[in-house]
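Okay, here's what each chain looks like letter by letter:
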Amino acid sequence: MALLIILIILLVLAVVFFVTFPIFKRRIFSKNYNAFCDRKIRVIANKNQLNFLSNFKLNLYGEEDAKIDHIIFGRKYIYILTNYYFDGDIKGTSDNNSWILNKRGNNGSEYIDNISNQLSRKNGVFSSKISANPELILPIAILNNDCAINVNGINNNNTFVIHYSSLKKLIKNLESRDIADIDSEKEKNIYENLVNENEER
């Protein structure tokens, strides 16, 4: 009888563990998501011998849109990247002002701002700041892999909303486009100016 009770307790504990472990795992990952993306992007930049900058803020009256989590200085483009972690799935269309976040675990849904629009605004401000052609600046939103992206019409206008696992391939494809390289000296000056500005804050 005692053995049966012990087995039942162990079974209950095992069930509780397997049910709650994914929840705690996602919670821990969400808190460390920015650091995770920083490490992943740093590896991509280093392997391709590209300059890289993290946590850059534009002077835009304190608006969240002014924050750029990462900048990669490619040979064809300058990539400005923003991290997004969603505990659920997103859906909508590229021309809607808002998208819908369906929260995980039947916890309802809520509207979120159209990420593509945020990227476009950020691109406009950043390209103006560095006096560069906006077409040479590619903004990318990096989402967690377990967030399904059910949004029609995205990734068509040089703004990208992707999973972090797709970033390496995307950068490789964009850098292989048959266009002229960015002037290396000008890009170097942009990079150095941004580094100095970041260090002064």
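Structure: see above.
All of these numbers come straight from a predicted model, not from anything done at the bench.

Colleague: Is there a simple way to explain the side chain of Lys122 in this structure?
Modeller: For Lys122, the location among the structural elements is in helix H3 (residues 115–129). Using a relative accessible area of 4% as the deciding quantity, one classes Lys122 as buried. Here the side chain of Lys122 touches Thr82 through a polar contact of 2.7 Å, side chain to side chain.

Colleague: What is the right way to look at the sheet that holds strand E7 (residues 137–143) in this model?
Modeller: What the five strands build is an open sheet, ordered E1-E2-E3-E7-E9; its pairing is mixed. Looking at strand neighbours, the two that pair on one side only are strand E1 (51–57) and strand E9 (160–163), the edges of this open sheet. Averaged over all adjacent pairs, the angle separating strand axes in this sheet is 30°, with direction ignored. Relative to E7, strand E3 (residues 78–84) is paired through seven bridges, and the arrangement is parallel. Residue pairing across strands places Asn83 opposite Ile142, the latter belonging to E7.

Colleague: How should I be thinking about the nonpolar core in this particular structure?
Modeller: Burial of nonpolar side chains together is a common tendency in soluble globular proteins. Residues Ile41, Tyr79, Leu81, Ile140, Ile142 and Leu167 are the most contacted members of the largest nonpolar core, which totals 21 residues. Those elements giving two or more residues to this core turn out to be helix H2 (33–47), E3, E7, E9 and helix H4 (167–175). Top contributing element to this core by residue count: H2, with five residues. Ignoring anything within four residues of it in the chain, the contact list for Ile142 reads Tyr33, Cys37, Ile41, Leu81, Thr82, Asn83, Tyr84, Ile162, His163, Tyr164 and Leu167. In terms of nonpolar packing, the next biggest core, distinct from the first, is built from 16 residues, Leu53, Ile78, Phe126 and Ile130 among them.

Calculation criteria
- The written sequence of each chain sets the order in which its residues are numbered from 1.
- Totals for whole chains, interfaces and linings use all residues, but because this is a predicted model, local features are given only for residues with pLDDT of at least 70 and pairs of side-chain atoms are given and counted only at 80 or more.
- Side-chain numbers here rest on the full set of heavy atoms in the structure, without hydrogens or water.
- Under the DSSP-based scheme used, a helix requires at least four consecutive residues in state H or I and a strand at least two consecutive residues in state E, with every element numbered from the N terminus.
- Only protein chains enter the accessibility calculation, which uses a 1.4 Å probe; a residue is then buried when its area is under 20% of its type maximum, exposed when over 50%, and partly exposed in between.
- In protein, a polar contact requires one atom able to donate a hydrogen and another able to accept it; more generally it is a pair of N or O atoms within 3.5 Å, and residues adjacent in sequence count only if both atoms are side-chain atoms.
- Here a strand pair is declared whenever DSSP counts at least two bridges between the two strands.
- For helices, the fitted line uses only the C-alpha atoms of the stretch in contact; every axis is such a line through C-alpha atoms, and the angle between N-to-C directions lies from 0 to 180 degrees.
- Nonpolar cores are built from buried Ala, Val, Leu, Ile, Met, Phe, Trp, Tyr and Cys residues. Side-chain atoms within 4.5 Å join them into one set.
- Whether two residues are in contact is decided by their heavy atoms: any pair within 4.5 Å suffices.

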